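Residue-level structure breakdown
Listed below, chain by chain, are the residues.
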Amino acid sequence: MSRNYLIAGNWKMNKTPKEAVALAEGVRKIKAGAGIRKMIAPSFVCIPAVVEVLKGSDVTLAAQNMASVEEGAHTGETSVLMLKELGVESVILGHSERRHVYGESDELINAKVKLALSHGLEVVLCVGETLEEREDGKVDEVCFRQIEGGLSGVSADGMKHIVIAYEPVWAIGTGKTATPLDAQTVHKACRGKIAELYSPSIANSVIIQYGGSVKPGNAAELMAQEDIDGALVGGASLDADSFAGIVAFDV
Ligand code: PGA
């Protein structure tokens, strides 16, 4: 398989700047196998300190969100210009907590995706169904709508800088993981949707991460699935040893 793996730690609203520095130092020391990239997404206020720790390292620095416009009267928001100046390389957009707790719509997420790409950031676009939607048999419908909505107006060239993260909402922070086969089924369907929207070759090269209670003990069987190309890790990324155990899934 030609796609690389991307193992990303989404620290959410955890770690003070000092704690973030210590964790970033631990992540920096983790040796990743060939074809495995590490990424971490600290909170905004920790980014300036973490940038210093990651200088010259092989760890990609991501933000957890950003505003849909460059600047102006948007109290409490963070601009792509600020992130770029600090040296942020990627941004997670459309995380389920942004969608479900903060009410972000596909239209808003799409505006953020396009703005991030126009500034040369890589985008990790999160999609995934709630338990109710799964029970109603709407997994594909929801994921396809979020993919199509989030990527609206993104060119084939822009797709080189897009990563998709499939995160079933019911599996996030709950200890419940989709079975590897269930996850593989959705990943394959999402790849098929991208082939339909773009082309089979673009679909084949897009990284699709799985997220939702990934830990050292279940990473290998998830990563072994043909269409699972990495993990977006919350809780288990808050400790360097446990993150290392996920990065080391293939050994
Ligand atoms: P979790 O979070 O690993 O704690 O389930 C994953 C995520 O929300 O990205």
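Residues numbered from 1 in each chain as written. Predicted model: local features only at pLDDT ≥ 70, side-chain atom pairs only at ≥ 80, totals over all residues. Heavy atoms only, no water.

1. Quick look at the overall build of the protein
Helix and strand counts for the protein come out as 11 helices and 8 strands. Computed over C-alpha atoms, the radius of gyration of the protein comes to 17 Å, within 12% of the 18 Å expected from 2.2 N^0.38 for 251 residues, which places it in the range of a compact globule. Expressed along its principal axes, the backbone C-alpha trace of the protein runs to roughly 45 × 45 × 35 Å. Counting contacts in the protein only where the partners sit at least 6 residues apart, residues at least 24 apart contribute 72% of the total. Of the roughly 11000 Å² of accessible surface on the protein, 53% is carried by carbon and sulfur atoms. Put simply, the protein has 24 plus and 33 minus side-chain charges, and the middle of one group is 4 Å from the middle of the other. (Helix = DSSP H or I, 4+ residues; strand = E, 2+ residues; numbered from the N terminus. Rg over C-alpha atoms; globule rule 2.2 N^0.38 Å. Contact = heavy atoms within 4.5 Å. Areas by Shrake-Rupley, 256 points an atom, 1.4 Å probe, with all protein chains shown as cover. Lys, Arg positive; Asp, Glu negative; His and termini not counted. Charge placed at Lys NZ, Arg CZ, Asp CG, Glu CD.)

2. Remarks on the site of the ligand
Lining the immediate surroundings of the ligand are 13 residues, of which K12, H95, E167, G173 and S213 lie closest. One of the side-chain N or O atoms of H95 is found 2.6 Å from an oxygen atom in the ligand. The backbone of G173 places a nitrogen or oxygen atom 2.6 Å from an oxygen atom of the ligand. In isolation the ligand offers 290 Å² of accessible surface; the protein chains occlude 95% of this area. Residues of the shell around the ligand, tallied by class, amount to 4 nonpolar, 7 polar and 2 charged. (Near = heavy atom within 4 Å. Polar contact = N/O pair within 3.5 Å; in protein donor to acceptor, adjacent residues only side chain to side chain. Nonpolar A, V, L, I, M, F, W, Y, C, P; charged D, E, K, R; others polar.)

3. Here's the deal with the pattern of salt bridges
Applying the stated criterion across every chain yields a total of 15 salt bridges. With a closest N to O distance of 3.2 Å, K38 and D58 form a salt bridge. Here the residue K38 occupies a position in strand β2 (residues 36–41), and D58 occupies one in the loop between α2 (47–54) and β3 (59–63), the gap between them amounting to 20 residues. Judged by relative accessible area, which is 1%, K38 ranks as buried. Overall, D58 belongs to the partly exposed group, its relative accessible area being 47%. Across the pair D157 and K160 runs a salt bridge whose closest N-O atoms are separated by 2.5 Å. On the accessibility criterion, K160 (64% relative accessible area) is exposed. In the salt-bridge network here, residues are joined through shared partners; they are R3, R191, D227 and D229. (Salt bridge = Lys/Arg side-chain N within 4 Å of Asp/Glu carboxyl O. Buried < 20%, exposed > 50% of the residue type's maximum accessible area, 1.4 Å probe, protein only.)

4. Points about the sheet that holds strand β7 (residues 207–211)
The sheet built from 8 strands closes into a barrel, its strands ordered β1-β2-β3-β4-β5-β6-β7-β8 with parallel pairing. This sheet shows a mean twist of 25° between the axes of neighbouring strands, independent of strand direction. Across the sheet, helix α8 (residues 180–197) touches β6 (162–166) and β7, and the angle it forms with β7 is around 145°. (Pairing = 2+ DSSP bridges. Axes fitted to C-alpha atoms, helices over the stretch in contact; angles between N-to-C directions.)

5. A look at the side chain of N218
Within the element layout of this structure, N218 appears in helix α10 (residues 216–223). In this structure N218 comes out as buried when scored by relative accessible area, which is 8%. For N218, the side chain forms a polar contact with the main-chain oxygen of S213, separated by 3.0 Å. Here the side chain of N218 touches K215 through a polar contact of 2.8 Å, landing on its backbone nitrogen. If we ignore the near neighbours within four places in the chain, the residues touching N218 are T177 and S213.

6. A look at α2
Taken residue by residue, α2 has I47, V50, V51, V53 and L54 as its buried positions. Seen along its axis, α2 keeps its buried residues to an arc of 165°; they face one direction. Where α2 ends, the next residue or the one after it, G56, has phi of about 75°, a positive value. (Arc of directions from axis to C-beta.)

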